[in-house]
Amino acid sequence: MRKKAVPVGIEDFERIIREDYYYVDKTMLIEELLINRAPVTLFTRPRRFGKTLNMSMIKYFFDVKNKEENKKLFENLKIYNSEYMSEQGKYPVIFISLKDLKGDTWGKCFENLKKTMYKIFNEYEFVREKLNMVEKREFDKIWEMKDSEENFKTSLLDLSNYLNKYYGEKAIILIDEYDAPIINAFDKGYYNEAINFFQTFYSSALKTNNSLKYGILTGITRIIKEGIFSGLNNLYVNTILSRDYSEYFGLLESEVVEMLDYFDMKYKIEEVREWYNGYIFGESEVYNPWSIVNYVREKEIKAYWANVSGNTLLENMLNHAGESVYDDLKKFTDGESIEKYISDGTTIKSLLSNDDEIWQLLLYSGYLTKDEKQEKESDSNVYNLKIPNKEIRKYFGNMFLNRFFGTEVKTNILIKALEGGDIKKFEETLGEIMINMLSHFDLDKEMEKIYQVFMIGLVGFLMGKYEIISNDESGYGRYDLAMIPIKSNEKAYLMEFKISKTKKGMEESAEKALKQIDEKKYDTKLRARGIKNILKIG
């Protein structure tokens, strides 16, 4: 029997069903939405966790246009036997995706928004036959992209009114990645113009709109205090910390196992779990769907998601971050969990100016997750956070390598020289890496940060081959760095670092470091593990 295809990067529900791609059935999300009947729902989840596909599914379910054809899409899916199937094909649907709404200036971003609205108005040009002369004129201005910015602000509201008039039914408005243009605007320096526009664009359509049946938005962040949703009393916000809807974004282990078995994958579930699982959404433990789908296609365990998820805001924040952030990131990459306060909402501005806010962004963006072992008090906003899996640990390592070490190639040369016993080459390359890092950091004030960045980079680069442990107790003190081989018959490396501000003092400091390793018996723990071949470096 012919196998279904692997749906890498396909986010159109109709295409997945009609062209026989493998589909993990998430249609009971629709039933849950209809049971709860929140007038406006915002789902915040990390990128590539199925938000757009779910929004596409919701569109095809509710849309009155082509309703009989659309009904067939759901024939073999769970929702088909639900009492809520009676709601299928009942309402006009406006679906707008803003994930690619970018531009280096507000002018360019607004031009792209005009094109987006043109496409949506073009899809519904048939409603013009029921509009009066004034409404038709207003419709045409948006359709022909000739209207003012002020009138584009209410274009979603206007279109829902036209659709209500045409069909005699209120409209459902779906806005995918609502925060993408605002995050991009902050990055490019036209934040105020973007906020001024989108406040009205969203609130006019969702707040006091008599033509609105339901509004559903998706995004990554809950930028609730931007004023975008001020006065929107009918808004229900569902985040990765909420219990409801937790199984509909991301894949449950049962769904992953079923998929891997369907494609006859030879896999070790423990390995797949270590790399792609570990996200706690509400009370569900979920896998990263993008990584799983790519793993099924490529049949190779490696990092897929972190390399494509667009990290500009995060990298900007790390540029501004203080030493304590780097200390904590090092603890996270070492596998520790740390308690952090996660606020109910924030502004993009405070995200970038407050070190405490970075943990919120890392959590909502999928780089951290809450620890399942946590017993949370109901009125507390303090969570135990941790890195979810190996893929994200690898990401942090690679990001720090490329940003601060120069390139991954340089690190490769460093490790190869070390493993080959070419200490002169190791010393030379380490010097080059340090010079590159000093262009990012102040040696006098930020030595500790340089050290943490170096460790995080090594952890990511050497994962699977060495265990990287720093500042650990062994013998009569704490060593700076140990590279411990996964296989105990291979060579281990013990390093002790010293700082010297003069060339003359460097040799002396290096000798002192080497002597310290021996005197304090830093190799005690390694020898206890059965590792005999240990190279000591000062």
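Residues numbered from 1 in each chain as written. Predicted model: local features only at pLDDT ≥ 70, side-chain atom pairs only at ≥ 80, totals over all residues. Heavy atoms only, no water.

S.K.: Explanation requested: the nonpolar core in the structure shown.
M.R.: Looking at soluble globular proteins, one finds that nonpolar side chains tend to be buried together. Core analysis: the largest hydrophobic core is formed by 59 residues, its most contacted members being Trp 359 and Phe 396. With 6 residues, the single largest contributor to this core is helix α17 (residues 358–364). Trp 359 has contacts with Val 325, Asp 328, Leu 329, Phe 332, Lys 340, Ile 342, Leu 368 and Leu 385, leaving out every residue within four places of it along the chain. By size, the runner-up hydrophobic cluster in this structure holds 46 residues, among which are Cys 109, Val 127, Leu 159 and Tyr 178. (Core = buried A, V, L, I, M, F, W, Y, C linked by side-chain atoms within 4.5 Å. Buried < 20%, exposed > 50% of the residue type's maximum accessible area, 1.4 Å probe, protein only. Helix = DSSP H or I, 4+ residues; strand = E, 2+ residues; numbered from the N terminus. Contact = heavy atoms within 4.5 Å.)

S.K.: Just checking my understanding: could you explain the side chain of Thr 221 for this structure?
M.R.: Along the polypeptide, Thr 221 turns up in the loop between β4 (212–219) and β5 (235–238). When its relative accessible area of 3% is taken as the criterion, Thr 221 is described as buried. Within the structure, Thr 221 has its side chain in polar contact with the side chain of Asp 179 (distance 2.8 Å). For Thr 221, the residues in contact, after removing those within four places along its chain, are Thr 44, Tyr 178, Asp 179, Ile 183 and Leu 361. (Polar contact = N/O pair within 3.5 Å; in protein donor to acceptor, adjacent residues only side chain to side chain.)

S.K.: Teacher, can you tell me more about the pattern of salt bridges here?
M.R.: Pairing is possible between side chains of opposite charge, provided their charged atoms come close. By the definition in use, this model includes 34 salt bridges. Ionic pairing is found between Glu 144 and Lys 146, a salt bridge with its closest N-O pair at 3.5 Å. For Lys 146, a relative accessible area of 66% puts it in the exposed group. For Lys 390, the salt bridge goes to Glu 274, with nearest N and O atoms at 3.2 Å. In this pair, Lys 390 is assigned in helix α18 (residues 390–405) and Glu 274 in helix α12 (residues 269–276), connecting sequence segments 116 residues apart. What makes Lys 390 partly exposed here is its relative accessible area of 26%. (Salt bridge = Lys/Arg side-chain N within 4 Å of Asp/Glu carboxyl O.)

S.K.: Help me understand the sheet that holds strand β13 (residues 492–495) in this model?
M.R.: By definition, the strands of a sheet pair up through backbone hydrogen bonds, in either a parallel or an antiparallel sense. Strands sit in the order β11-β12-β13-β14 across an open sheet of 4 strands; the sheet is mixed. For this open sheet the edge positions go to β11 (466–474) and β14 (534–537), each flanked by a neighbour on one side alone. Pairs of neighbouring strands in the sheet enclose a mean axial angle of 20°, with direction left out of account. Summarising the sheet, strand β12 (residues 477–485) and β13 pair through 3 bridges and their orientation is antiparallel. Residue Met 483 lies in a different strand from β13, and its bridge partner there is Tyr 493. With respect to the sheet, helix α22 (residues 503–519) is in contact with β13 and β14, its orientation differing from that of β14 by roughly 135°. (Pairing = 2+ DSSP bridges. Axes fitted to C-alpha atoms, helices over the stretch in contact; angles between N-to-C directions.)

S.K.: Mind showing me how you'd approach empty space enclosed by the protein here?
M.R.: Rolled over the atoms, a probe sized like a water molecule indicates the empty space that remains. Tallied over the full model, the rule gives 1 cavity of 30 Å³ or more. Reported here for the largest cavity is a volume of approximately 90 Å³. Lining the largest cavity are Leu 33, Leu 34, Asn 36, Arg 37, Ala 38, Thr 41, Ile 58, Phe 62, Ile 172, Tyr 214, Ile 216 and Tyr 245. Breaking the lining of the largest cavity down by element, the ones donating at least two residues are α2 (28–36), α3 (51–62) and β4. The element best represented in the lining of the largest cavity is α2, accounting for 3 residues. Here the lining of the largest cavity is built from residues that sort into 9 nonpolar, 2 polar and 1 charged. (1 Å grid on protein atoms, 1.4 Å probe; cavity = no way out; pocket = protein on both sides within 12 Å on 5 of 7 lines; lining within 4 Å. Points joined across faces, edges and corners; volume = space filled by probe spheres on them. Nonpolar A, V, L, I, M, F, W, Y, C, P; charged D, E, K, R; others polar.)

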